[in-house]
Amino acid sequence: RYLPSRTKGSNSILLPKGALSEIRSVIESSSTAQSQPSSILSSSSSSIISSSTPLRGGATQTSAPATSSSVPKPIRVAFQGEAGAYSEKSLRELLGPNVIAVPRPNFESCYRAVASKECDYALMPIENSLGGSIHENYDLMLRYDLTIVAEHDFRVRHCLLTKPGMDVTKIKYAISHSQALSQCDNYLRARGITPLATYDTAGSAKMISSALKGDAFGREMPEGCTPDNTAAIASDLAGLTFGLECKQEGIEDDDSNFTRFLLLGRKGVAQHLNKKTPCKTSLVFTLPNSAGALYKSLACFSLRDIDMSKIESRPMSAALLNYLRFKNAVTYSKQATSSQKYGKDLPRFRYLFYLDILSSELDEGVQNALHHLREQSDYCRVLGSYPAKSRLVGPVAEAVEALNVANAGKPSTGDLRLKKLPSDEDEARQLKIGLIGYGKFGNYLSQQLSQHNVRCIDTLDKSKEAEENNVEYYPNFDMTNFLQGLDVVIITVPMIELEETLESLPVDKLRNKLVVEVCPLNVYPKTVLTRMLPSEADILCTNPMFSPGMNVDGQSGKSLDGLPFVYEKVRIRDTSRADSFLSTFERARAQMVEMASEDHDAYVADAEFVTHLTGRLLDRNLLPVTPVSSREYAALCDLADLTGNDTFDLFYGMFKFNDRAKMLLDKMRDNLASVERKLAAKEAYLAASAEMKNSERQKLLAECKMLLREMARSSAPAPVTESKKDGEDKPSS
């Protein structure tokens, strides 16, 4: 908050008046909050270490002596699975026993935890030597703006876990993840043990432990399984975590079972790599569908003697495909030559190429290769430049080493885990949401918000539609009871009715509620809401850029994958409530874009107006049903259908509150008139050409006739003159 300055010729720091006392109070409050389990990071300063301590791979970290009062910041690392999973064991191997492991239910929740700053890093499996690549994590790396900071090759060793003291000969069933069971198939067959698949390796150990304790989770064991006849196949760490006995370790059929993990963070470590540190750079790119495209892209690296360790192709997600369509539409509308049009019409299937090279991103040769590659590629992104072979560098190495030194000589608790994150409560929180206006879009929103308690109110009787979606309907005259106890109020009326609707509401009842508008433009609603609502009401301006019956491919469906949801937190006091509301769309995989209303309208207003104007001009009478149609015709039909679902009031709001709308209408008229003129000119030209050709043909025919006459005259015999020659008698008459 305060920007310290130094006096000239002095080392003393000047602080504004009263700053010292405020800073002291902040530190005291931070140290109090440090004991709370929900705090994300300790507010204490990280410890400074004195000795040159060897890190993994032989690197050293040298720092000053630590003081007894300094405490290093805790490091939270998310992983997928139950406590004791192989991911956690890999985490402990790479980062040591002093980091806080945060088990998460799925891969995407790990990415979200790091992106939201609830965790510092996430350790994600990316490929297995037997099972191949884990494609979900490849896709999630593109969805979230995280970077790779380290890698670790983890040797998977399966263990047979039972309740303490159990006789191995009594084992009838083995429960574990299906992949783990298949990797131990020969071992189980030799002993007559029946494999039964469950959702997780460590989760199987948890089931047996819970059954021994009589917990409810123990009843999730497969039918016929009890702790007396069942073993779990999991890691030895899972056995220690859940109090089970390891009967045998390394029961897998193939001892070459390795899983490669990537440590992902918000900031890269490329600047901390040096020439002596073996390193890798991972990148992803797309290529045009042309002959030799892949060969040319790999030549960018091979011609510069850059070694590659891996290449893999993967179909790209719909969200990225839409981005490339947009990029190509912009690029080729400005500059299009016959040789550049390969990307204008993207094929239905496009592929991403993932490439690992054994060099740093900052090396001069790699920089040149990347510049060369980007000239050929539609999309290219560096996923991270990081040390190879389980080495750590930069801030992550310093933080881990600080924890290790601070905890040296202390007994390990063996249970440095955080079971829940603050966002877990937000995601599980059921909001009471009210929809003012229950037209087509309000009906569609209620389906997307089905996990919450939703009610609606409308000037028309919408009780039947509401009942179909399990939504409670209130008549318009019962507004006071409708607003009672709501957390979120969503105004889904047309933009031209927004101010009138707010005037009819008891605004005092909106205090301490989150008011959300979903208009296609945001500046006007933002102005109205901030002016008319009480200061105690939170305001969220949004534009869900999707409509009923549309998904990412423009086809019918409820999926929001890749569809933009633009929002601005205009005035938010209860951030937890706002985040819980937004997380509903984030979990549906909508593309969440936080943008100021002014920027939103500058980017979107014209495009939305022209889109809806075009759709309304395309009457269904102009688009007859045909058994054979081009892609362009199908796109026009989709546009007409999508815009036809919206009311004219929505379109009029786009016109009224867009200062450039009239100019765009004039431009459309000019363009139409220009097309008409071009058509008329072309028609006149063709008619004149035809007439000219006809006139020339007549002239040519006349010339041909004249020539024929001349030829006829020249070929006729000359007439003989009758005269009497000397010495000849005249013929008798």
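Provided above is the structure to which this section pertains.
Residues numbered from 1 in each chain as written. Predicted model: local features only at pLDDT ≥ 70, side-chain atom pairs only at ≥ 80, totals over all residues. Heavy atoms only, no water.

1. Details of helix H14 (residues 440-448)
Our working rule: Throughout this description, buried means an accessible area under 20% of the type-specific maximum (1.4 Å probe, protein chains only), exposed means over 50%, and partly exposed covers the range between. We count a stretch as a helix when DSSP gives it H or I for four or more residues in a row; a strand needs E for two or more, and each element gets its number in order from the N terminus. Every residue pair with non-hydrogen atoms within 4.5 Å of one another is taken to be in contact.
Looking at H14, one finds that the buried residues are Gly442, Asn443, Tyr444, Leu445, Ser446 and Gln448. Taken together, the buried residues of H14 touch strand E20 (432-436), strand E21 (453-458), helix H15 (463-468), strand E23 (488-491) and helix H19 (575-587).

2. Quick word on the side chain of Glu568
Definition in use: Side-chain atoms alone can form a polar contact between residues adjacent in sequence; in general such a contact is a pair of N or O atoms within 3.5 Å, and within protein one must be able to donate a hydrogen while the other accepts it.
With respect to the secondary-structure elements, Glu568 resides in strand E26 (residues 564-571). Assessed through its relative accessible area of 14%, Glu568 is described here as buried. Of the polar contacts made by the side chain of Glu568, one reaches the side chain of Lys526; its length is 3.1 Å. There is a polar contact of 2.5 Å between the side chain of Glu568 and the side chain of Ser597.

3. Thoughts on the nonpolar core
The test is simple: Each nonpolar core is a collection of buried residues, namely Ala, Val, Leu, Ile, Met, Phe, Trp, Tyr and Cys, held together in the definition by side-chain atoms within 4.5 Å.
Ranked by internal contacts, the top residues of the largest apolar core, which has 71 residues, are Val77, Leu95, Met141 and Leu263. Setting aside anything within four residues of it in sequence, one finds Leu263 in contact with Val77, Leu94, Leu95, Tyr121, Ala122, Leu123, Thr147, Ile148, Val149, Ala150 and Val396. The next biggest cluster of nonpolar side chains, apart from the first, holds 27 residues, and it includes Val471, Leu560, Leu563 and Leu582.

4. A word on the sheet that holds strand E11 (residues 173-177)
Heads up, the rule is: Strands pair, by our definition, only if DSSP identifies at least two bridges between them. The angle between two axes is taken between their N-to-C directions and runs from 0 to 180 degrees, where each axis is a line fitted to C-alpha atoms and a helix contributes only its stretch in contact.
If you walk across this open sheet you meet the five strands as E12-E11-E13-E10-E14, and the pairing is mixed. For this open sheet the edge positions go to strand E12 (194-198) and strand E14 (245-249), each flanked by a neighbour on one side alone. Each strand axis lies, on average, 30° off the axis of its neighbour in the sheet, ignoring direction. As defined by bridge partners, strand E10 (residues 159-162) adjoins E14 across four bridges and the pair is classed as antiparallel. Along E14, the bridge assignment pairs Cys159 with Glu249. This element, helix H7 (residues 201-213), spans E10, E11, E12 and strand E13 (230-234) of the sheet and lies at about 150° to E13.

5. Re helix H22 (residues 648-656)
Formally: Note that the arc is defined by the directions from the helix axis to the C-beta atoms.
Within the sequence span of H22, burial applies to Phe651, Gly653 and Met654. The buried residues of H22 occupy an angular sector of 155° when projected down its axis, which confines them to one face. Taken together, the buried residues of H22 touch helix H20 (597-617) and helix H23 (661-715).

6. With respect to the pattern of salt bridges
Using the following cut-off: What makes a salt bridge here is a side-chain nitrogen of Lys or Arg within 4 Å of a carboxyl oxygen of Asp or Glu, nothing more.
Scanning the entire structure with this criterion turns up 30 salt bridges. Residue Glu151 pairs with Arg260 through a salt bridge whose shortest N-O separation is 2.9 Å. Residue Glu151 is located in strand E9 (residues 147-155), and its partner Arg260 is located in strand E15 (residues 258-265); the two are separated by 109 residues in the primary sequence. Like Glu151, the residue Arg260 is buried in the burial classification. Lys310 is paired through a salt bridge with Glu312; the nearest N and O atoms lie 3.3 Å apart. For the pair formed by Lys310 and Glu312, the shared burial category is buried. Within this structure, Glu127, Glu151, Arg260, Lys280, Lys310, Glu312 and Asp356 form a network of salt bridges that share partners.

7. Examining the sheet that holds strand E22 (residues 472-475)
Read from one edge of the open sheet, eight strands run E22-E21-E20-E23-E24-E25-E26-E27, paired in mixed fashion. Sheet topology places E22 and strand E27 (591-594) at the edges, where each strand pairs with a single neighbour. Pairwise comparison of adjacent strand axes, ignoring direction, gives a mean angle of 25° for this sheet. Relative to E23, E20 runs parallel, the two being bridged by four bridges. Directly across from Ile433, in E23, lies its bridge partner Val488. Where helix H18 (residues 523-532) meets the sheet, it contacts E23, strand E24 (514-517), strand E25 (538-544) and E26, and its direction lies at approximately 30° from that of E26.

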